[in-house]
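For reference, the chains in residue letters:
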Amino acid sequence: MTTDVLLPAEGTVPGAAVAVPVPATPRERLARLGRFLRGRPGLVVSIVFVALVLVAAFVPSVLAPGDPTLGVPADKLQAPGLGHVLGTDYLGRDVYTRVVHGASLSLQATVIAVAVALVVGGLIGLLAGFVGRWVDETLMRFVDVLLAIPAILLSLALITALGFGTVKVAIAVGIASVANFARVMRAETLRVRRSTYVEAARSVGTRWYVTLRRHVLPNAAGPVLVLAVLEFGLAILAVSSLSFLGYGAPPPAPEWGSLVAEGRNYLATAWWLCAMPGFAIAATVLSVNRISRALDGEWARFS
Amino acid sequence: MAVYLLRRVALAVGVLWAAYTVSFVVLYLLPGDPVATMAAGGSDGEPVSPAQLDALRARYGLDQPLITQYGTKLWAALHGDFGTSFATGRDVRGAIGDALPPTLQIALSGLLVAIVFGSAVALVATYTRVRWLRQVLMGLPSLAVSLPVFWVGLMLVQLFSFRLGLLPSVGARGPEALVLPAITLGLPTGALIAQVLAKSMSQVLDEPYVTTARAKGVGEAGVHLRHALGNAVIPALTVLGYVVGNLLAGSVVVETVFTRPGLGRLTVSSVGVQDIPVVQGIVVFAALVFVLVNLVVDLVYPVLDPRITTGAAV
Amino acid sequence: MRRGWTVAALATTAALTLSACGSGGGADPAADAGPPRPGGTLTFAVSSDQGCADPQQVTSNDSVYSVRQLVDSLTDQDPATGAITPWLATSFEPNADATAYDFTLRPGVTFSDGTKLDANAVKANFDRVPALGARASLPKGYLSGYQGTTVTSPTTFTVRFGKPNAQFLQATSTHSLGILSPASAAKTDDQRCAGVIGSGPFVLESYVKDQATVLTKRTGYNWGSSLFTHPGEAYLDRAEFRVVPESGVRTGSLQAGEIDAVASIGPQDEAPLSGAGIALPARANPGLPFGITFNQATPLGSDPAVREAVSLGINRPEVVGAVFTSQTKPATSVLASSTPSFADNAALLGFDAARAGTVLDAAGWTAGPDGIRVKNGQKLTLPITFANNLSTVKPALELIQQQLRAVGIDAQLQEKQISDTPQIQQSGQYTALWANLTRADPDILRSSFWSGGTNYYRFKPGPLDALLTGQAAAVDPAKRAASVAQAQKLILTEHFTVPVVELTTTLGIAPTTHDVAFDASSRIQLHDTWKSE
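Below, the structure is looked at part by part. What you are looking at is a predicted structure, and each value in this text was computed from that prediction instead of being measured.

On to the overall build of chain C, then. A tally of regular secondary structure across chain C gives 17 helices and 26 strands. Here chain C has a C-alpha radius of gyration of 24 Å; the compact-globule value for 533 residues is 24 Å, and the two agree. Summarising its shape, the C-alpha atoms of chain C cover approximately 75 × 70 × 40 Å along the three principal directions. Buried positions account for 61% of the 533 residues belonging to chain C. For chain C, the share of sequence-separated contacts (at least 6 apart) that also reach a separation of at least 24 residues comes to 70%. Accessible surface computed for chain C: about 17,900 Å², of which carbon and sulfur atoms make up 55%.

Across a sheet, strands are paired by hydrogen bonds formed along the backbone, either parallel or antiparallel in direction. Residues and elements named next belong to chain C. An order of S14-S15-S16 is seen for the three strands of this open sheet, with the pairing classed as antiparallel. Each having just a single partner strand, strand S14 (366-367) and strand S16 (378-379) make up the two edges of the open sheet. With two bridges connecting them, S14 and strand S15 (residues 373-375) associate as antiparallel partners. Each bridged residue has a counterpart across the sheet, and for Ala 367 the counterpart in S15 is Arg 373.

The grouping of A:Leu54, A:Val55, A:Phe58, A:Val59 and A:Val62 at the surface amounts to a nonpolar patch, some 480 Å² of accessible area in total. With respect to the element layout, A:Phe58 can be found in helix H2 (residues 41-58).

In this section: the nonpolar core. Judged by nonpolar contacts, the single largest core of 228 residues is most densely connected at A:Tyr247, C:Ile292, C:Val310 and C:Trp434. Considering each element in turn, this core owes the most residues, 16 residues, to helix H13 (residues 276-304) of chain B. Contact partners of C:Val310, with chain neighbours within four places excluded, come to C:Ile292, C:Phe294, C:Leu382, C:Leu404, C:Ile409 and C:Val498.

Taken together, the 51 residues of chain A in the interface contact 58 residues of chain B. Both sides together, the interface formed by chain A and chain B hides about 4,800 Å², and carbon and sulfur atoms give 73% of it. At the boundary of chain A with chain B, the tally comes to eight residue pairs in polar contact (both at pLDDT 80 or more). When residues of the side of chain A that touches chain B are traced back to their parent elements, those giving at least two are helix H5 (133-148), helix H6 (151-162), helix H10 (208-244), helix H11 (256-263) and helix H12 (272-301) of chain A. A class-by-class count of the residues in the side of chain A that touches chain B yields 36 nonpolar, 10 polar and five charged.

Let us now look at the state of the cysteines. Residue and element names in this part refer to chain C. Summed over the entire model, instances satisfying the criterion amount to one disulfide over all chains. The partner cysteine of Cys 52 in its disulfide is Cys 193, sulfur to sulfur 2.1 Å. The sign of the -85 degrees torsion about the S-S bond sets the Cys 52-Cys 193 disulfide as left-handed. One end of the pair, Cys 52, is in the loop between strand S1 (41-46) and helix H2 (61-67); the other, Cys 193, is in helix H7 (residues 189-193), with 141 residues separating them in the sequence.

Residue and element names in this part refer to chain C. Strand order in the open sheet formed by five strands is S18-S17-S19-S13-S20, and the pairing between neighbours is mixed. Unpaired on one side and paired on the other, strand S18 (410-416) and strand S20 (497-501) mark the two borders of the sheet. Averaged over all adjacent pairs, the angle separating strand axes in this sheet is 30 degrees, with direction ignored. Where strand S17 (residues 381-387) meets strand S19 (residues 432-438), two bridges bridge the pair, whose relative direction is parallel. In the strand pairing of S19, Thr 385 is matched with Leu 433.

In this section: the pairing of S19(C). Residue and element names in this part refer to chain C. When you tally the buried positions in S19, you get five out of seven residues, the bulk of the element. Two strands pair when backbone bridges link them, and strand S13 (residues 287-294) and S19 are joined in this way by six bridges, in the antiparallel orientation. Across the sheet, residue Leu 288 finds its bridge partner in S19, namely Leu 437.

Let us now look at the packing of aromatic side chains. What the rule picks out here adds up to 25 aromatic pairs over all chains. An aromatic cluster of at least three residues, connected via ring pairs, comprises C:Tyr101, C:Phe103, C:Phe126, C:Tyr146, C:Phe157, C:Phe161 and C:Phe168.

Cut-offs used in this document
- Residues numbered from 1 in each chain as written.
- Chains lettered and ligands numbered in written order.
- Predicted model: local features only at pLDDT ≥ 70, side-chain atom pairs only at ≥ 80, totals over all residues.
- Heavy atoms only, no water.
- Helix = DSSP H or I, 4+ residues; strand = E, 2+ residues; numbered from the N terminus.
- Rg over C-alpha atoms; globule rule 2.2 N^0.38 Å.
- Buried < 20%, exposed > 50% of the residue type's maximum accessible area, 1.4 Å probe, protein only.
- Contact = heavy atoms within 4.5 Å.
- Areas by Shrake-Rupley, 256 points an atom, 1.4 Å probe, with all protein chains shown as cover.
- Pairing = 2+ DSSP bridges.
- Patch = residues over 30% accessible without salt bridge, like charges linked within 9 Å, V, L, I, M, F, W, Y side chains within 5 Å.
- Salt bridge = Lys/Arg side-chain N within 4 Å of Asp/Glu carboxyl O.
- Core = buried A, V, L, I, M, F, W, Y, C linked by side-chain atoms within 4.5 Å.
- Buried area = accessible area lost by both parts, 1.4 Å probe.
- Polar contact = N/O pair within 3.5 Å; in protein donor to acceptor, adjacent residues only side chain to side chain.
- Nonpolar A, V, L, I, M, F, W, Y, C, P; charged D, E, K, R; others polar.
- Disulfide = S-S within 2.5 Å.
- Axes fitted to C-alpha atoms, helices over the stretch in contact; angles between N-to-C directions.
- Phe/Tyr/Trp six-rings, centres within 6.5 Å; stacked < 30°, edge-to-face > 60°.

No statement about biological role is implied by the geometric values presented.
Below, the structure is given as structure tokens:
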């Protein structure tokens, strides 16, 4: 109850209740999923939206065949309408195309960020939980220090050192969110390590790395992945904030944050330039958060 | 009590020292050559001449071995000296001191918005019996933390300044100019407060003494305000450090959006020109604020909640 | 309990978005102005700040607007005729070969710190200029060959040069040679950037970098330029220049009546602003148009084929039509059309993508698999460094980037701070620079393209030098114009610089603000500005 009290922005520590594998036929499971989703239209919308965003990130041309950097100056600053669903920007580039293609850059950065946080944080937590003693103490104090510095400032310090660009922004965001992963991973490792079957395994002389691979990692994976989904939403926000501040890819790359920044010059006359990319960010984060809530307990409690 | 206090203070100093060290490692060790980094100023430019680099290095003491640099800088930092800005040649402490008052202004008004918004949402959500209202209210926090702060600010400017002409869009003149930045800054923090408060309120409402009060005929509003809120606030206090850190970090974006002076703008411009001493000063300052707030909370906590005995430290 | 949140949340988000997009607001219609009245505060929004409040050390228009008001100049230049007219100097006379200039000062002028503005004060200013640093490239160039100032009486002095300097008289009318108090002139460069004392119609009250410059009226001011429309003090009590980087926010606040005037508006703002009764006076800036100038010391910058292809690959009318206000014209020479001795070279600045391809092919730059040209395994990637000091800069460069891509040149845009520009130019850490330079005298060519000057573009000595120094020495206007015309042609045929668009200063002035006057360099003079209300 002291300096190290800290909650992820969602206010709940994920992984408290994890989907316990229920032995069931695939058919039964599918029926359960159907019932689960039927009562949750918001979740369905979220899943569909995230699926679309993923398609946009990996094969943007499927959703928007045009070139996001090629504009027709004669068609500039057209309001959303039939020809251009989300309007055009100051060089006559299609805003919809730019938002769709921007998804790939922005999500790429987000995936890198979460991966960095997961790997680094996971390793710290694993090491702390598995080795224990002074290693645990030292590593967890270090994590406390990371928590004492607001994430965006830590990211900005890293950007100062690394320089600008999408990947560097992603790494900076990832390092700044290492702490939560380290804590969850450590808690899980401790829990598993103390459980009877691990004690049993050890007593029969199983080597430590076997224990790690067979017992600790598979059991810790669930809560850590739930956290990863939650952190994904936060990372989108962090990455787009930094790209809004101008530390992302140079022009004309259509990162979501920099699209909003570009639109600021046209705030008074062409509202869609700011509003649309921001809406894409907000909708993605909301959807991801909704899914993470579903994974975190809601599914397990459902019967 | 004295032992408890000493322990807390020692812990705070330790965290602060570690924060300084982490920022030193990140800023001076990570770039490989901080001088080349600063001379390039952001994106990859063409290389600077070796002679120029040497001159810069000597000027900022970066020609010394790293451990010497660390020692000298830490010693100076202990005396409140964070060096001089690479970009402007200004004393870092002075630069932060000058930027602080306007940031305090929006941080405090943001905190006010956050507390009002957060506790109103938590109170009404736990009080109301109307199912849909409860759902909408409990949904608000997760909405508020999902919206990009910079975008919310711009949309507020568009609506209230440009369309309705009610509030000024930019600048730092007059109390009206504080309204939109305070709302932008306060919303996500308020959401956090609402979540924490609602959670601890619903826990408190299940406690036996609340049930007793209800049985004695205390009205539902009375139970909420007199018994539950007071006790629910105590655990919520523990996130205060995080809340203040949030506000400080939020100023980076909010000051940029509303073109206000302050710590956030100083941060953005310093990162832009890779002004390492200023960035480090700001990072350590943020950690200092976090540590101080938590220290105060730690010291006040046992006074507020008699169930905590000072011997038990976690 | 939690289900249904997201739907509600998404719906709320949508509502926020839509409500922010309602119909546009408007401003009050212009009131009947009546005769000028004193008093009031003018709030003027600019987009950037060069980080210095010393008129002798700033070059960026956004900074010049405010600090110009702090100082008086020896002479003034009539924006209509280009003629040099009296201001602090009542008479001025060059000798036959433009190596010495006699000035007579008007008596009774004081700086706002109380000291007298006399011949010694002017001498202190001019003596200090050659020792100024990189920021002061303009005044240093104006005083090139400066040998000294001979004070003959408190009000008369002679400025002497080692070689003919025909442009000096016009230079004395610019903000760059505005006269500071001797105490200010003696300070270090950085101290001067924090604020200076002048004799101008306004006094610096406060300057906060990247935030605001606040001026107050100089009481007792009575030595205005011969071009001012009224004698005595300025009408305004205060003038506040605020730095607002986003043009959308600037125009929005102008429409909402939060501010009185803005500099540099974008084309998207023209219709809504004039619809709101806001005046949009415009004037083309004389000097060098906006364009791409190459660093001759870099491999790409010294490759004539690359330079020519860049020039041929840019469709200037398309850039101007898409990004700039309706009064803006494409560049038709290395000088802007409002500069004295401008010679129309539009034929050398045409758009011909096919020929750009031929030129690159001939030089061995062949098209690679992704359309970008390659030579000896090296991609034709051209970094263009720019300062995002005007809202038109980035859109213009993005369009140019798109146009150059079509001829196989991969332009990379590198953004820098406007305050870093002098340092970047001096260090030579760039391949090509997007910039302009305002001055109402063709000698601006020598400031930028002469291998013997500051030579930021790293020119090797060549035939251009003789033309540039020749025009500086020519006392006969016709001879000078001929040299300038030749220099323009030579620079363009060598494509040392690729001019794209003439900077046209378009101001937005609220209906209650009157008589914001353009000077000859298309900057502003606020002495005669007043507010009704």
